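Descriptive structure summary
For reference, the chains in residue letters:
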Amino acid sequence: MTTKKICAAVNGYGVIGKRVTDAIRLQPDMELVGVSDVVSDYRVQAAAVLGLPVYTSLPERADAMRAAGISIVGTLDDLLGQIDVIVDCTPKGIGAKNLERYRAAGVKAVYQGGEKHELTGHSFVAQANYATALGRDATRVVSCNTTSTVRTLLALRDAGLLKKARGVLMRRATDPWESDHSGIMNTIVPEPHIPSHQGPDAQTVVPDLDVVTIAAKAAHTQTHNHYWIVELTRAASRAEVLEAFQAAPRIAFIRMSDGIVALNSTIELMKDLGRPRGDMWEVALWEDVLTVQGNELYYTYQVYNEAIVVPENIDAIRALAGTVKDGQESIHLTDEALGMRRDFLTR
Ligand SMILES: NC(=O)c1ccc[n+]([C@@H]2O[C@H](COP(=O)([O-])OP(=O)(O)OC[C@H]3O[C@@H](n4cnc5c(N)ncnc54)[C@H](O)[C@@H]3O)[C@@H](O)[C@H]2O)c1
């Protein structure tokens, strides 16, 4: 690892952006230069109160932001002049318009799953393809569901166990901060197409995965829930499968026998463990539900959609900057700095 810190910034201080901001500030090899946004409400006011250098992504919004008490350090262009890497966490479609601007400023860019693979030509999950992101000018951290899919299926593949996988995803309706104005209630809404986009999206990271996903939106606001049926390459024991998941990064076991009987139990546990914002960065896999019959494996897990991509964003910053060449080393650095204690979750 080189000694100069990576100068990084976040454009779009929303659900993902504020979490990535906090994570950058915890890394020993990174410096957060600032955050940029366009709104002047409590979300960005909080950034100012927390002492973060706030920039405006649209100069015409500066007056409104100042009027709301946010002291603006400068424009997005001013910010770009001071950094090595930007993490674009703006809403789907907006970030794409910024890529040429980032390139012109000589700043590398990490995008989110709302953008298309074609924007950067590289889709990122640290354990899968850190090496091919090294030194690139841009990559895209895939969505929360796709991240969990790649993490778990690669764990099985790395153990020589994966033949093909079929998954059903029960998605959260909307994020809590916006549940006053969107989201469904008292119903389940199936996605109108099979496969849902997450399976093909996983193939943008690992092209030869044999995976199909079906998805539906449910009427809750926190975390997704996946159900998988996997054909293994051979008959295997439960212990072998658990070992494969345990050997992979960022997969943690939860148990019905510990009283973690539903999505809300895990959410409560994360708060009790003192995780920031009650976040969970790992895939939460129900160890005592997992079942193997011959060469078929069945399991269910929970995905904390607001948080799971945060460590991947940190690794993506390092990969683009090229300061840490080894993906495992970056994963270790990130997880240590976040305080991803696995003692409760791996015992
Ligand atoms: N919310 C999730 O669970 C989740 C999970 C994984 C990936 N993602 C992806 O992350 C990205 C961001 O999603 P989010 O949920 O954090 O959105 P969000 O709406 O919570 O946050 C977006 C932020 O960008 C700001 N913004 C809007 N226009 C801007 C502009 N022109 N310039 C700068 N900032 C601008 C908004 O004010 C807001 O603060 C999307 O690509 C999304 O698909 C979201």
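Refer to the structure printed above.
Residues numbered from 1 in each chain as written. Predicted model: local features only at pLDDT ≥ 70, side-chain atom pairs only at ≥ 80, totals over all residues. Heavy atoms only, no water.

1. Comments concerning the overall build of the chain
The condition is simple: Labels follow the DSSP assignment, with helices taken as runs of H or I lasting at least four residues and strands as runs of E lasting at least two, numbered in each case from the N terminus. Throughout, radius of gyration means the C-alpha value; the globule benchmark is 2.2 Å times the number of residues raised to the power 0.38. Whether a residue is buried, partly exposed or exposed follows from its accessible area with a 1.4 Å probe, protein chains only, as a fraction of its type maximum: under 20%, in between, or over 50%, in that order. Should any heavy atoms of two residues lie within 4.5 Å, those residues are counted as being in contact. Per-residue and other accessible areas follow the Shrake-Rupley method at a 1.4 Å probe size, with only the shown protein chains counted as cover for residues.
Counting its regular elements, the chain contains 14 helices and 16 strands. On C-alpha atoms alone, the chain measures out to a radius of gyration of 20 Å, which is about the 20 Å that the 2.2 N^0.38 rule sets for 347 residues. Dimensions of the chain along its principal axes, counting C-alpha atoms only, are 65 × 45 × 40 Å. Expressed as a percentage of the 347 residues in the chain, the buried residues total 53%. A separation of at least 24 residues holds for 72% of the contacts in the chain among residues at least 6 apart in sequence. Carbon and sulfur atoms make up 54% of the accessible area of the chain, which amounts to about 14,400 Å² in all.

2. Looking at the sheet that holds strand β1 (residues 6-11)
What counts here: We treat two strands as partners when DSSP finds at least two bridges between them.
Spatially, β4-β3-β2-β1-β5-β6-β8-β7 is the arrangement adopted by the eight strands of the open sheet, whose pairing is parallel. Two strands in the sheet have a free side with no partner beyond their single neighbour: β4 (72-75) and β7 (123-124). Inspection of the sheet shows strand β2 (residues 30-37) paired to strand β3 (residues 54-56) by three bridges, in the parallel sense. Within β3, the residue paired with V35 across the bridge is V54.

3. Some remarks on the site of the ligand
Put simply, the test is: Any residue with a heavy atom positioned within 4 Å of a molecule or strand is treated as near that molecule or strand. Each polar contact in these results corresponds to two N or O atoms within 3.5 Å; when the atoms are within protein, one needs to be able to donate a hydrogen and the other to accept it, and residues that are neighboring in sequence are counted only if both atoms are side-chain atoms. As a working rule, the residues Ala, Val, Leu, Ile, Met, Phe, Trp, Tyr, Cys and Pro are called nonpolar, Asp, Glu, Lys and Arg charged, and the rest polar, with Gly in that last group.
The ligand sits among 22 residues. The nearest are V15, I16, D37, D175 and N305. A distance of 2.6 Å separates an oxygen atom of the ligand from a polar side-chain atom of D37. One nitrogen or oxygen atom from the main chain of G114 is found 3.1 Å from an oxygen atom belonging to the ligand. Within the complex, the protein chains bury 85% of what would otherwise be the 830 Å² of accessible surface of the ligand. Class assignment for the residues of the shell around the ligand results in ten nonpolar, eight polar and four charged.

4. Comments concerning a nonpolar patch on the surface
Our working rule: What goes into a patch is any residue over 30% in relative accessible area without a salt bridge, connected to like charges within 9 Å or, for nonpolar side chains (Val, Leu, Ile, Met, Phe, Trp, Tyr), within 5 Å. Each salt bridge in this description consists of a side-chain nitrogen of Lys or Arg and a carboxyl oxygen of Asp or Glu lying within 4 Å of one another.
Among the surface-exposed residues, V168, I194, I214 and Y227 lie close enough to one another that they form a single nonpolar patch of about 360 Å² accessible area. By the secondary structure assignment, Y227 is in strand β12 (residues 224-232).

5. Here we look at the side chain of R19
Topologically, R19 is positioned in helix α1 (residues 15-26). Given the relative accessible area of 7%, R19 is considered buried. Here V15 takes part through its backbone oxygen, which lies 3.0 Å from a polar atom of the side chain of R19.

6. Structural notes on the environment of E240
Positionally, E240 belongs in helix α10 (residues 238-247). E240 sits in the partly exposed class, given a relative accessible area of 29%. The spacing of E240 and A159 is 81 residues in sequence and 8.7 Å in space, taken between C-alpha atoms. Those residues in contact with E240 that lie beyond four places of it in its chain are L161 and R234. A distance of 2.9 Å separates the side chain of E240 from the backbone nitrogen of S237, its partner in a polar contact.

7. Focus: the pairing of strand β5 (residues 85-88)
Of the two faces of β5, the one lined by V85 and V87 and the one lined by I86 and D88 are each fully buried. In the sheet, β1 pairs with β5 via four bridges, with the strands oriented parallel. Across the sheet, A8 pairs through a bridge with V85, a residue of β5. In the sheet, β5 pairs with strand β6 (residues 108-111) via three bridges, with the strands oriented parallel. Each bridged residue has a counterpart across the sheet, and for V85 the counterpart in β6 is K108.

8. Description of the pattern of salt bridges
Applying the stated criterion across every chain, the model contains 26 salt bridges. Notably, a salt bridge pairs D63 with R66, separated by 4.0 Å at the nearest N-O pair. Of this pair, D63 and R66 both sit in helix α3 (residues 62-67), three residues apart, which is roughly one turn of that helix. Note that R101 and D77 form a salt bridge whose closest N and O atoms lie 3.1 Å from each other.

9. Structural notes on the packing of aromatic side chains
Working definition: an aromatic ring pair is given by the centre-to-centre distance plus the angle between the planes. As a reminder, the rule being used: A pair of aromatic rings is counted whenever rings of Phe, Tyr or Trp (Trp by its six-membered ring) have centres within 6.5 Å, and the orientation is called stacked for planes under 30 degrees apart, edge-to-face for over 60 and tilted otherwise.
Applying the stated rule across the entire model yields four aromatic pairs. With centroids separated by 6.2 Å and ring planes inclined at 40°, the aromatic side chains of Y102 and Y111 adopt a geometry described as tilted. There is no split in this pair, since Y102 and Y111 are both buried. Aromatic side chains Y299 and Y301 sit 6.1 Å apart centroid to centroid with 20° between the ring planes, which places their arrangement in the stacked category. Residue classification places Y299 among the buried residues on the basis of a relative accessible area of 3%. Looking at Y301, the relative accessible area reads 0%, which means it is buried. Aromatic ring contacts, followed pair by pair, group F245, Y299 and Y301 into a single cluster.

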